[in-house]
Amino acid sequence: MIGANLSKMSLSDLIDLSVRAQVQGKAYTRKRFCFERLITCKGKPFVAIIGPRGAGKTTLLKQLLAEKKDTFYLSLDSVDVPDLFDTLKILCETYHYTTFLLDEIHHAPAYEQTLKKIYDFLEVHLVFTSSVALSLYESEFDLSRRVTVLTLYSFSFREYLYFKTGSLLPTLTIQDILEKKWLPEHLRNGHLFESFIRGGLLPFSMEDPEPLKSCENILNKIIRRDVPLIANLRIHELELLSQMTRFVGSASVDGISYSSLSHNLKITKYKAAQYVDLLEKAFILQRVMPKGTNVLKEPKILLFLPYRLLFKSYEDAVGGLREDYFVEMMAIKGWPVFYLKSTTGKKTPDYLVKEGSHDYVIEIGGKGKGREQFKGIELTKSIILSHGDDTQGIKRPLFLAGY
C-alpha cells in the first residue's frame, strides 16, 4: 500500500538520480561531526545510520557520495525498486559500483532478508539509513555481526553553533562544567540557546525559518509511514500513537508513566509500554529509567526536541523542554542517565549521570532552584543546571550540557 505512492523507475533513471544526488552532495560544504567517522569506518562491510527524520542522514549520504568513487545512491522512500538485490547486482556487475548508499532502508520490502542476501552473494560495501531504530540485533537473519550501527541525532548545542556561526569550541565534560573549566566563548553563545530548543537543533532549520511547521509534517510521516513498516499495527492503533504523543507533549513531565498512559488512553499497561517502545525507536519519545530504592520500575517519559512545542506554547512548555534537552544531549554523548525517585514526599534532584567512573547528581530547572533538592544526597558531585547564565555556587548554565 505504501509502495503504491512511489514512482517506478528504469535503471537509467536511477543512475541519473544518483548523479544528481552527487552534485547536491558537493554543494554541502559544512559536514556533521560524524562524517569523518563514517568515511573512515572499517571492519564490518555494512554500516547502518539510524536517527530521527530531519537529522541530516540524507545529506550525509550525499556528501559521502560526492567523496567516494564507484558509489551509488538510492532513496528507497521515494522510488519503487521491485527487487533491490537484483538492482544492486546489475549495478555492481555491469556498471562496477562497489559501494551503495541506501536511504531509508525500512521502505524496502523484507529488508532484513535482502541485506543478508546482499552480504552473502555480492562483494559490495553498504551504507544504509533509517528513521527508526531497526531491530538488527534481534533479526532472525543474524545481522548483528554484519552491521556497524551509528546513531545520528539532531545537532548538539556545540554542533549547532558550528553550523550557525562557524565557531568550533572544545567539548566539555560534566567535571569541566562543575569546575568552571570553560572558555569565555562557551558562555558568550548562551544567547542562542532558546533558538536552539525552539527548533534550531534540527539541521534543516539552517534554511527553514519556521522549522516547527516542518516538524509537524515529520511527526505525521513517522507515525503514518515509518512505524507501520516495522510494526504490524491496525489503523486505530496509529491514531493511539498520535494521541499518546499529544498526551506526553501536553502533560507535566512528572506525570507521565505507563500507568498514566494506560489510564488516559484506555489501554493496558502492556500496550502502553509497547507503544512507547515504538515511539522511542522512531525518535519521538525518550525513556529514562529510575535509579534508587523503593521505586516502581517505570521509566520517566520525555520527548525529543522540539516536539513538545507542537502541543504547548513555549512559555508553558519550557520546563519540559529543559529536561528534553538535557536527556537528549546526554544521549548524544553516550552517557547513561537515570532519574532519581525516592519515597513519597521527599524532594530529590532530577537525574544521575554516569560519566566514566564518576556519578553526578543533577537538578534541571529555572532560576529559582536551590540546594534544598540535594538534602540527604550522599554523592558530592552535584550541579544545578539552570536556564540562564548563573555560575554562582553549584549553579551552572543549562546550555553548557550541549558542549
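Scroll up to find the structure this text is about.
Residues numbered from 1 in each chain as written. Predicted model: local features only at pLDDT ≥ 70, side-chain atom pairs only at ≥ 80, totals over all residues. Heavy atoms only, no water.

1. Brief notes about the pairing of strand β3 (residues 71–75)
Alright, step 1. Of all five residues that make up β3, five are buried, and the element is covered over most of its length.
Alright, step 2. The alternating pattern of β3 places T71, Y73 and S75 and F72 and L74 on opposite faces, both of which are buried.
Alright, step 3. As judged from the five bridges shared by β3 and strand β5 (residues 99–103), these two strands associate in the parallel manner. Among the inter-strand pairings, S75 is bridged to a residue of β5, identified as D103. (Buried < 20%, exposed > 50% of the residue type's maximum accessible area, 1.4 Å probe, protein only. Helix = DSSP H or I, 4+ residues; strand = E, 2+ residues; numbered from the N terminus. Pairing = 2+ DSSP bridges.)

2. Remarks on the sheet that holds strand β15 (residues 395–397)
Alright, step 1. Strand order across the open sheet formed by six strands is β9-β11-β12-β13-β14-β15, with mixed pairing between neighbours. Each having just a single partner strand, β9 (290–291) and β15 make up the two edges of the open sheet.

3. So, the packing of aromatic side chains
Alright, step 1. Applying the stated criterion across every chain yields a total of 20 aromatic pairs.
Alright, step 2. Ring centres of Y153 and F304 lie 6.4 Å apart, and the angle between their planes is 20°; on these two criteria the pair is classed as stacked. Separated by 151 residues along the polypeptide, Y153 in the loop between β7 (147–151) and α6 (157–165) and F304 in the loop between β10 (300–303) and α14 (314–333) bring together distant segments of the chain.
Alright, step 3. Judged by its relative accessible area of 7%, F304 is buried.
Alright, step 4. Put simply, the rings of F157, Y160, F193, F196, Y325, F399 and Y403 touch in pairs and so form one group of aromatic residues.
Alright, step 5. Across from the ring centre of Y162, 5.2 Å away, lies the NZ or CZ of R30, which sits over that ring. (Phe/Tyr/Trp six-rings, centres within 6.5 Å; stacked < 30°, edge-to-face > 60°. Lys NZ or Arg CZ within 6 Å of the ring centre and 35° of its normal.)

4. Comments concerning the packing of helix α4 (residues 84–93) against helix α5 (residues 111–121)
Alright, step 1. Direction vectors running N to C along α4 and α5 enclose 30°, while the axes themselves pass 9 Å from each other. Classified by the angle their axes make, α4 and α5 are roughly parallel. Of the two elements, α4 crosses α5, and the hand of that crossing is right-handed. Residue-level inspection shows L84, F85 and L88 of α4 in contact with α5, the latter providing T114, K117, I118 and F121.
Alright, step 2. Tallied by class, residues from the contact of α4 with α5 come to five nonpolar, one polar and one charged. (Axes fitted to C-alpha atoms, helices over the stretch in contact; angles between N-to-C directions. Parallel < 35°, antiparallel > 145°, perpendicular 65-115°, else oblique. Left-handed = near helix turned anticlockwise from the far one by under 90°. Contact = heavy atoms within 4.5 Å. Nonpolar A, V, L, I, M, F, W, Y, C, P; charged D, E, K, R; others polar.)

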